[in-house]
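Report on the structure
Chain by chain, the residues:
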Amino acid sequence: MSKLISYEKKNTRIHELSGFTKLVFFILWCLTSALTYDTRILHIMVIIGACIYRLSGTSWKQVSTVFKAVMFFMLINLLCIFFFAPYQGCDIYKSRTDLADLFGNYSITAEQLFYEYNVMIKYFTVIPTIFIFLVTTDPSELAASMNGVGIPYTVSYAFSLALRYIPDLQGDFRKIRNAQEARGIEMSSKAGLMERIKRNASIISPLLFSSMDRIEVVSNAMELRGFGKKKKRSWYSKKKLAPADYAVIAFIIVFSAAVLIITYMDGSRFYNPFI
Amino acid sequence: MEAIIEFKDYSFKYRSQKETTIHDINLKIYPGEKILIAGPSGSGKSTLAHCINALIPCSYNGEVKGELKVAGQDPATSGVFGMSKKVGTVLQDSDGQFIGLTVAEDVAFALENDAVSQAEIFDKVDRAAELVDIKNLLKSSPAELSGGQKQRVSMAGVLVDDVEILLFDEPLANLDPATGKRTIALIDELMQKKNLTVIIIEHRLEDCLYRDLDRIILVNDGRIIADEKPDKLLAGDLLSKEGIREPLYISALKYAGAEITAEDKPQHIESMNILPYREKVKNWYENSEKNLPVNNNPYLLEVENLSFSYDTGSQDRKYVLEDINFRVRKGEILSIVGKNGAGKSTLSALICGFYKPLSGKILLNGEDLTDLSIKERGEKIGFVMQSPNQMISKPLIMDEVGLGLSCRGVPEDEIKERVEETLKICGLYPFRNWPVNALSFGQKKRVSIASILVMKPEILILDEPTAGQDYRHYTEIMEFLKKINEETGITIIMITHDMHLMLEYTDRAIVLADGRLITDDSPAAVLTDEAIADRAYLKKTSLYDLAKLCDIEDASDFVNSFIYYERKIRSNV
């Protein structure tokens, strides 16, 4: 079983940035990408994203599983847009160029294709930043940064704790699955789909119970060491902002502002090559 | 001197329970003392500890009567957090209490919660790490640590506060014997350096006695049965009566008819006055029977040139197991021992087919198992995981035990018949219609064993069958396994680092160290061989020392006599 997307310690410029910087960058970047439909800007963002991905030293193996899943959902998303709103593109770009007739009143138009192309590259602007954010940010530093942007520390800690236990849970899952398989509960593809779903339940409940045991121990341990008693909390792993951090934060603020100005300058979020 | 902990007519009743769990406790502990609280599971010893660190009554609700003062405070008003400044608690399961992603963060956890400034945290973490000698590990992640290192980290985590009392809840439960010994030594060292008062809750008495204890508090049924100096308690017979395992050399001396007195200082075998009893022990040894049964059955399981590695590609791969060879006869009880990470679990996973070997093969009844699926092997080789909670997936006992059969399409009435038969063997028949939740831990363990036995496998592999169990439950589980071995002739392989288990219940021990098989011999021989014991992180048995002190040449044979004698006593009971 391949490991899910999780933090890996490496020595790159991206890893060195503080979690706070990465979180701010990530939020503003996604917001910008969501708001603009300016194709030129989206292209630039894809290129920047690819560069950061290179810089972060992320290996394909770390993210391939999740990448494939995202691609699958993107495909469904694009198909749905087409079937539910086949002329959305024409509405947006105020023109209609028929390319081919399909069935009923479905036909492919250049505007629709262009619109869906825009949706697709939006995916590609966001995907690398999500990956980079998750694989280069130490979960405990993440908690410190979330707390830094105003999220209560109990919430941020719970979040990072969940990330931290994912590998443990995967290990437990494997062990329990093996033992249940030895008892004769077939997990391989030999059994039918429904049967497999039902049988996976026989792993879930022991997994749940053994996790509950663990939760009780962990929460006692946390309480014994004073978690949650004070309103504020300090962080061992909080990084002081370095000049590079200020530079990145300044860049993303200027970049987002510029993008939004360019996008809305002509009164529409869309870049229209059809007029 | 004023007591640092004082219970006065103290009783506690959990809200969910009808009866009080501990009654009329009167106990004084003075600064600088080192106290062992011993007692069987459910005796109230953990409850007692929870009162000291204020988990009772702050986290576990209930009714308190009487008075308790800890370091001049009342835990009920100071709360868990307040008490944690005075009492550092080190929990049993050092895996579970790891909260931080790295050692440093984990050590810093209490300080972070106290909103101490980062600079001060760095400084205090460094000092605590130095105290327990883990400074070079600060950047490591918990998964990379050995059991002993994890425990040091836990200790550092409570030592960052200037605590006055250290409370250990079964610190030895998950450690191999050699590491356990080192832990006890470390506790002693910390006491000296920081002027601490130490309370240890543990039932592995012999291991705790590796260093001097001031007092042993014996607890049962929620009451203090004894509050004595160790020498005095060891001389009497209260320990064995209350279900606490005596040190083996003490048992042996008593079997030989020695009447030990407190003046003999029986706390440590090295310094004990053995002289008056030497002749008695020698006599006992010379007259002892020791015809341990010899197993001449044909070989059932053969492991040949087995190697395993996680990275299959590279040239300079790291072997988890390398060139393992051994054979197991039908009906044998075998133990696989070695320190944490030596490859014990991997070996069992290979036998069950969970992993594929890199090279070598495994034969069962002379047939190669390589091409069988996990499920097919499961019909011949049953695997029982460490915790029953990892296995039980049905709410009713009947269904749980019958699960393996119904998956294999066995007809309904045959399932019922076989399940009932198995439940009878396992002593669970009266509970057959109970929900699993209503059972105790030991009973659940039996259910998980029954659910494997019902498939009539030829081999049963158990991963740490007695981990975390006290002597009574340990005996219960092991006697049960011995019984099914005798009645059904099933072959049993146990992965363990419990020396008593291997000594008392297994015919042979396979010793692994760093992925290699270093010895395949009788447990008595393994545990009297210093070199082997050292490499495998085992501990030479104290019976060896006793034999030497009594001028008995063949220590291994002396150990055999002892085991044979013990087995005989037990089967007469």
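Model, not experiment: these values are computed from the prediction.

**Some remarks on the overall build of chain B**
Looking only at helices and strands, chain B has 23 helices and 19 strands in total. A compact globule built from 573 residues would reach a C-alpha radius of gyration of about 25 Å, and chain B, at 25 Å, matches this within 12%. Here the C-alpha coordinates of chain B stretch approximately 70 × 60 × 55 Å along the principal axes. When each of the 573 residues of chain B is scored for burial, the buried share is 50%. Restricting the contact set of chain B to residue pairs at least 6 apart, pairs at least 24 apart contribute 68%.

**Some points on the interface of chain A and chain B**
Counting residues at the interface gives 40 residues for chain A, matched by 47 residues for chain B. A total of 14 residues in the side of chain A that touches chain B trace back to one element, the largest contributor, which is helix 9 (residues 193-224) of chain A. Partitioned by chemical class, the residues of the side of chain A that touches chain B number 15 nonpolar, 10 polar and 15 charged.

**Points about the sheet that holds strand 9 (residues 223-228) of chain B**
All names here are of chain B. Spatially, 6 strands are ordered 5-6-7-3-8-9 in an open sheet, and the strand pairing comes out mixed. What marks the edges here is a single partner per strand, and that holds for strand 5 (87-90) and strand 9. Looking at each pair of strands side by side, their axes are set apart by 20° on average, direction ignored.

**Examining the environment of Lys94(A)**
Locating Lys94(A) in the fold gives a position in the loop between helix 5 (88-93) and strand 1 (98-101). Between the alpha carbons of Lys94(A) and Phe274(A) there is a distance of 8.2 Å; along the sequence they are 180 residues apart.

**Observations regarding the nonpolar core**
By size, the foremost hydrophobic cluster in this structure holds 181 residues, and its most contacted members are Val107(B), Ala156(B), Leu166(B), Leu253(B), Ala450(B), Ile461(B) and Leu543(B). Residue contributions to this core peak at 7 residues, all from helix 4 (residues 103-113) of chain B. In contact with Ile461(B), other than residues within four places in its own chain, are Ser348(B), Ile351(B), Cys352(B), Ile381(B), Gly382(B), Phe383(B), Val384(B) and Ile493(B). Formed by 12 residues, the second largest nonpolar core is a distinct cluster that contains Tyr7(A), Phe25(A), Ile132(A) and Phe133(A).

**What about the domain arrangement of chain A?**
Residue and element names in this part refer to chain A. Entries for chain A in the domain assignment read domain 1 (12-138 + 240-275) and domain 2 (139-236). Here the C-alpha centre of domain 2 lies 32 Å away from the C-alpha centre of domain 1. Tallying the contact residues gives 6 residues for domain 1 and 9 residues for domain 2. Class assignment of the residues belonging to the side of domain 1 that touches domain 2 gives a composition of 2 nonpolar, 3 polar and 1 charged.

The rules behind these values
- Residues numbered from 1 in each chain as written.
- Chains lettered and ligands numbered in written order.
- Predicted model: local features only at pLDDT ≥ 70, side-chain atom pairs only at ≥ 80, totals over all residues.
- Helix = DSSP H or I, 4+ residues; strand = E, 2+ residues; numbered from the N terminus.
- Rg over C-alpha atoms; globule rule 2.2 N^0.38 Å.
- Buried ≥ 20, exposed ≤ 12 C-beta atoms within 10 Å, placed from the backbone.
- Contact = placed C-beta atoms within 7 Å.
- Nonpolar A, V, L, I, M, F, W, Y, C, P; charged D, E, K, R; others polar.
- Pairing = 2+ DSSP bridges.
- Axes fitted to C-alpha atoms, helices over the stretch in contact; angles between N-to-C directions.
- Core = buried A, V, L, I, M, F, W, Y, C linked by C-beta atoms within 7 Å.
- Domains from an automatic or database assignment.

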